[in-house]
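As a plain string of letters, each chain reads:
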Amino acid sequence: MKSMRQPTLETLGLGTVLEIFQRGKLPLETGDIVDQVFGPSDSRGSLVISGANGIVGAGKTMQLGSRLSPFGVRIVGLDFPDAPDGIGRQYPGLLRAFGRERAGQIMSNIIRLSYDGKNLPSELKGLRPAFLLEAIPEILEIKKKHYQVFRDTFPGIEIRSVTSGFPSSQLGVGIAHPSFPHEINKVWETVEQEPGIAGKLFWSLGLIPVPVSDDWSFVLDVLFCGLTSAALRFHRASNVPYWRIDKYVRRLLGPNPFRAHDAIGAKGANFLTWSCLHDLTEKYGKLFEPTPELVKRKETGQNWYPLNHARPVINWRFDEEENQLFESWVLGPIIQMTSLMLHESRAHFSHINAIGELCAQFRRGIMAVIRGLGADEAIKKVESYHRLHKDAANAAWYPDVFAQIESNAWQQLYVNAEHDGTVGVITLGRESYNSDVNAELNRAIDWLKAERIDRVIVTGDFHFSTQMVGADTSEFYPAVEDPSIGLAISTNWSKTARRLYHEFKVSVAYINGKRCLGGMLELLMHCHYLVAADDATVGMPEVTLPVIPGMEGCHWPLRKAPRENWPKILQLLLTGRSVPADKTVGWLTDFVGSSAETLPVVWKIATGGDHGLEPRPLAEGGLSGIPAEINLPPADSPSMTAARKAILACIRESCETPLADAIAVQARHSADFMSSRDCRKGMIGTEANKVMNI
């Protein structure tokens with residue numbers, strides 16, 4: 001087997017995506033790993049979460065409790081008797097997510113116990129603790145004593161700490177650091193002996209474990225705390241208020257570091273950020289040194305945004321020189337910190353990039369940002385920062401790591417390709433499609449073609465892409481102002497999608513996540529066959545945004561569907577409502593079933609085996625007879641009404657046009673509507689104005 005770069009799934013000890021299809025089954029079944037960790041069903045052990053009423057502990061009690069209760073694993077929430085009821089505060093969210101009956105079942109599986117911090121409650125022995133997830137305060141000696149109490153009482157218990165910064169070597173236990181927001185984000189940074197049992201357990205439960213090296217603050221907190229530190233240094237140099245710095249950071253990278261602290265809870269978040277930066281400073285130098293503003297708020301817990309503060313409404317924007325200065329203060333230290341992580345090999349390149357996006361809310365991960373700048377420009381940003389903050393020049397700085405920027409590991413952050421000499425697999429490791437994914441997908445196709453592979457499977461990476469939510473709408477912000485940008489996006493992305501149809505003898509798409517929407521669905525429907533797991537839903541939500549589907553969603557599915565099913569496709573496009581994948585067989589998908597059923601079918605299609613499916617032909621001439629009357633529910637807004645009209649116009653014209661000319665037609669419709677007044681009033685236009693127009 002051969003691959004462009006190491007599959008991220010392999011870092012979990014779960015093999016490659018190609019091997020999943022070759023075996024015809026997933027590398028791990030949840031029931032098997034639950035038995036391994038918690039014991040057989042007739043004598044199940046429990047999961048203990050200490051500090052269960054804190055923000056992290058309570059959130060993870062809900063997240064893990066909802067996933068483990070079907071397997072009979074009891075959740076024990078352990079905390080001080082006077083701790084606020086953090087678990088109880090989670091119940092309304094549980095109710096919204098699961099409904100009253102299921103929420104009640106999950107809560108009934110959670111046992112709450114109190115202790116004094118030194119002696120474990122006697123009731124705990126009867127619950128057979130098998131796994132301890134520790135979420136107590138970040139004080140090293142207290143944590144160590146806590147572990148010893150559990151080990152003395154329950155020898156052999158698995159212990160993982162949710163610590164934000166202490167390495168495993170300091171704690172003496174493995175790490176399972178959940179990212180924020182703790183109640184919903186599925187990403188966990190893990191430090192274990194490879195391959196780790198906790199990482200495998202979390203993966204089997206539908207979470208996203210990310211192995212990282214055993215270094216201070218891992219990856220997420222270097223990026224997030226480092227970005228906060230960079231913003232604070234700019235504040236000290238410029239006296240620009242925190243809320244306005246947030247606006248500029250959001251436009252540049254995506255996050256609002258100060259607002260995020262307030263949203264999490266300033267008192268705890270300020271301390272954790274200070275703690276991470278303090279420890280990093282002792283290890284790596286003044287690049288990380290906390291500013292006086294952070295030291296003060298560490299003590300006071302004061303919000304960065306005063307409550308009910310009034311922000312002045314003035315046209316105050318940086319000029320070009322000020323903006324360059326701002327970028328030096330913010331990008332310079334983040335790039336320098338990333339060089340440290342690369343020098344230490346803290347994680348797979350794709351892991352470092354994804355953590356920034358999925359956890360720290362970067363629009364594009366830091367590796368993709370640096371790649372976009374280029375090695376020389378990235379180094380110049382750091383050197384410019386050193387002229388502003390001379391102490392940083394004497395701290396950890398490794399410009400030589402940027403010599404790797406042309407490697408496949410750095411060039412293929414989101415898209416990988418593997419093959420066995422006959423069948424190739426292209427994996428998408430990002431939930432939303434953007435220009436980076438588009439460029440990487442083209443490189444992956446080129447690589448397979450150069451390797452003489454003419455049979456391909458296109459799917460998620462079975463790791464980061466637990467769902468495919470469509471196009472990254474932040475890509476469209478410039479197109480709201482300039483239709484030529486929208487035209488280029490729609491044209492280029494559609495040409496890439498067509499390569500899956502035209503350049504392979506056989507192409508089969510596999511939807512393995514819980515959702516496949518919008519641009520991602522448009523991409524996959526270009527394959528000769530489309531197979532989906534039976535718990536997946538599919539949809540085209542563009543009309544609700546509102547935009548016009550820009551990757552041939554307005555005509556490609558109609559060209560492949562029997563005429564009698566056209567109304568179903570029009571309903572999908574004009575209502576924005578998702579449908580279960582198993583309701584689309586024959587007109588959108590070709591086969592839907594369980595993973596045990598679909599994985600072998602995908603492999604048979606790809607290898608030319610006896611799969612019993614006939615490919616749906618693609619009509620390359622113009623289509624006529626698009627229904628004139630369509631029974632639709634009322635639109636949610638005037639913008640949606642306008643979008644329906646525009647989408648229907650695009651459907652008619654692009655379908656009536658021969659396939660060879662249809663890209664130009666649909667791209668023009670998509671671009672024109674994106675710069676229209678109706679789009680500006682919708683979600684994308686509103687968000688673009690908020691982010692881009694400071």
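What counts, and at which threshold
- Residues numbered from 1 in each chain as written.
- Predicted model: local features only at pLDDT ≥ 70, side-chain atom pairs only at ≥ 80, totals over all residues.
- Heavy atoms only, no water.
- Buried < 20%, exposed > 50% of the residue type's maximum accessible area, 1.4 Å probe, protein only.
- Helix = DSSP H or I, 4+ residues; strand = E, 2+ residues; numbered from the N terminus.
- Pairing = 2+ DSSP bridges.
- Expected span 1.5 Å × (residues − 1).
- Contact = heavy atoms within 4.5 Å.
- Salt bridge = Lys/Arg side-chain N within 4 Å of Asp/Glu carboxyl O.
- Patch = residues over 30% accessible without salt bridge, like charges linked within 9 Å, V, L, I, M, F, W, Y side chains within 5 Å.
- Areas by Shrake-Rupley, 256 points an atom, 1.4 Å probe, with all protein chains shown as cover.
- Lys, Arg positive; Asp, Glu negative; His and termini not counted.
- Charge placed at Lys NZ, Arg CZ, Asp CG, Glu CD.
- Domains from an automatic or database assignment.
- Buried area = accessible area lost by both parts, 1.4 Å probe.
- Right-handed = clockwise from strand over helix to strand, strands pointing away.
- Axes fitted to C-alpha atoms, helices over the stretch in contact; angles between N-to-C directions.
- Parallel < 35°, antiparallel > 145°, perpendicular 65-115°, else oblique.
- Left-handed = near helix turned anticlockwise from the far one by under 90°.
- Nonpolar A, V, L, I, M, F, W, Y, C, P; charged D, E, K, R; others polar.

### Some details on the pairing of strand S2 (residues 46–50)
Then, in step 1: For S2, the buried fraction is high: five of the five residues fall into the buried class.
Then, in step 2: What you see with S2 is no split at all: Ser-46, Val-48 and Ser-50 on one side and Leu-47 and Ile-49 on the other are buried throughout.
Then, in step 3: Pairing between S2 and strand S3 (residues 75–79): four bridges, direction parallel. Its bridge partner being in S3, Val-48 is matched across the sheet by Val-76.

### Section: helix H25 (residues 595–607)
Then, in step 1: Across its 13 residues, H25 extends 18 Å between first and last C-alpha, which sits within 8% of the 18 Å expected from 1.5 Å per residue.
Then, in step 2: Its buried side turned inward, H25 meets helix H1 (17–23), strand S11 (423–428), strand S13 (455–460), strand S15 (506–511), strand S17 (529–533) and strand S20 (591–593).
Then, in step 3: Gly-608, located one to two residues past H25, shows a positive phi value of around 80 degrees.

### A few points about the pattern of salt bridges
Then, in step 1: All told, the structure shown has 23 salt bridges when counted by the stated rule.
Then, in step 2: A salt bridge links Glu-481 to Arg-680; the nearest nitrogen and oxygen atoms lie 3.4 Å apart. One end of the pair, Glu-481, is in helix H20 (residues 477–481); the other, Arg-680, is in helix H28 (residues 677–681), with 199 residues separating them in the sequence.
Then, in step 3: Given a relative accessible area of 52%, Glu-481 falls into the exposed group.

### What about the sheet that holds strand S16 (residues 515–517)?
Then, in step 1: If you trace the three strands from one edge of the open sheet to the other, you get S16-S18-S19, paired in mixed fashion. Of all the strands in the sheet, the pair left with one neighbour each is S16 and strand S19 (579–580).
Then, in step 2: Of the strand pairs in this sheet, strand S18 (residues 537–539) and S19 are connected by two bridges, and their pairing is antiparallel. In the sheet register, Val-538 faces S19, and the bridge partner there is Val-579.

### Notes on a negative patch on the surface
Then, in step 1: On the surface, a cluster of negative charge is made up of Asp-319, Glu-320, Glu-321 and Glu-322.
Then, in step 2: Along the chain, Glu-322 turns up in helix H14 (residues 320–343).
Then, in step 3: Note on Glu-322: relative accessible area 38%, which makes it partly exposed.

### A word on the domain arrangement of the protein
Then, in step 1: Under the domain assignment used here, the protein contains domain 1 (39–211), domain 2 (219–409) and domain 3 (414–692).
Then, in step 2: A straight line from the C-alpha centre of domain 1 to that of domain 2 covers 30 Å.
Then, in step 3: Here domain 1 meets domain 2 over a buried area of about 1,300 Å², counting both sides, of which 69% is carbon and sulfur.
Then, in step 4: Three residues stand out in domain 1 for area buried against domain 2, namely Ser-164, Phe-180 and Glu-189, and they jointly supply 42% of the buried area on that side.
Then, in step 5: Scanning the region where domain 1 abuts domain 2 turns up zero salt bridges.
Then, in step 6: Mapped by element, the contributors of at least two residues to the side of domain 1 that touches domain 2 are strand S8 (187–191) and strand S9 (208–211).

### Details of the pairing of S3
On a regular strand, one side chain projects to one face of the sheet and the next to the other, so that they alternate.
Then, in step 1: With five of five residues buried, S3 is to be regarded as a mostly interior element.
Then, in step 2: Burial along S3 is two-sided: the face carrying Ile-75, Gly-77 and Asp-79 and the face carrying Val-76 and Leu-78 are both buried.
Then, in step 3: Between the parallel elements S2 and S3, the chain passes through helix H3 (residues 55–68) in a crossover that is right-handed.
Then, in step 4: Of the pairings in the sheet, the one linking S3 to strand S4 (residues 110–114) comprises five bridges and is parallel in character. Counted as the bridge partner of Ile-75 is Ile-110 from S4.

### Comments concerning helix H8 (residues 197–204)
Then, in step 1: Within H8, eight of the eight residues are buried, which leaves the element mostly enclosed by the surrounding structure.
Then, in step 2: What H8 keeps buried is the set Ile-197, Ala-198, Gly-199, Lys-200, Leu-201, Phe-202, Trp-203 and Ser-204.
Then, in step 3: Directly beyond the C-terminal end of H8, a positive phi value near 85 degrees is found at Gly-206.

### Things to note about the packing of helix H24 (residues 566–575) against helix H26 (residues 638–656)
Then, in step 1: Relative to each other, H24 and H26 sit at 140 degrees, their axes nearing to 9 Å. Between H24 and H26, the interaxial angle falls into the category oblique. Of the two possible hands of crossing, H24 and H26 adopt the one that is right-handed. Judged by residue contacts, Leu-570, Leu-573, Leu-574 and Thr-575 of H24 engage Met-640, Arg-644, Ile-647, Leu-648 and Ile-651 from H26.
Then, in step 2: Classifying every residue of the contact of H24 with H26 by side-chain character gives seven nonpolar, one polar and one charged.

### Considerations on the environment of Ser-238
Then, in step 1: Here Ser-238 is to be found in helix H9 (residues 220–238).
Then, in step 2: Taking the C-alpha atoms as reference points, Ser-238 and Arg-96, 142 residues apart in sequence, are found 44 Å from one another.

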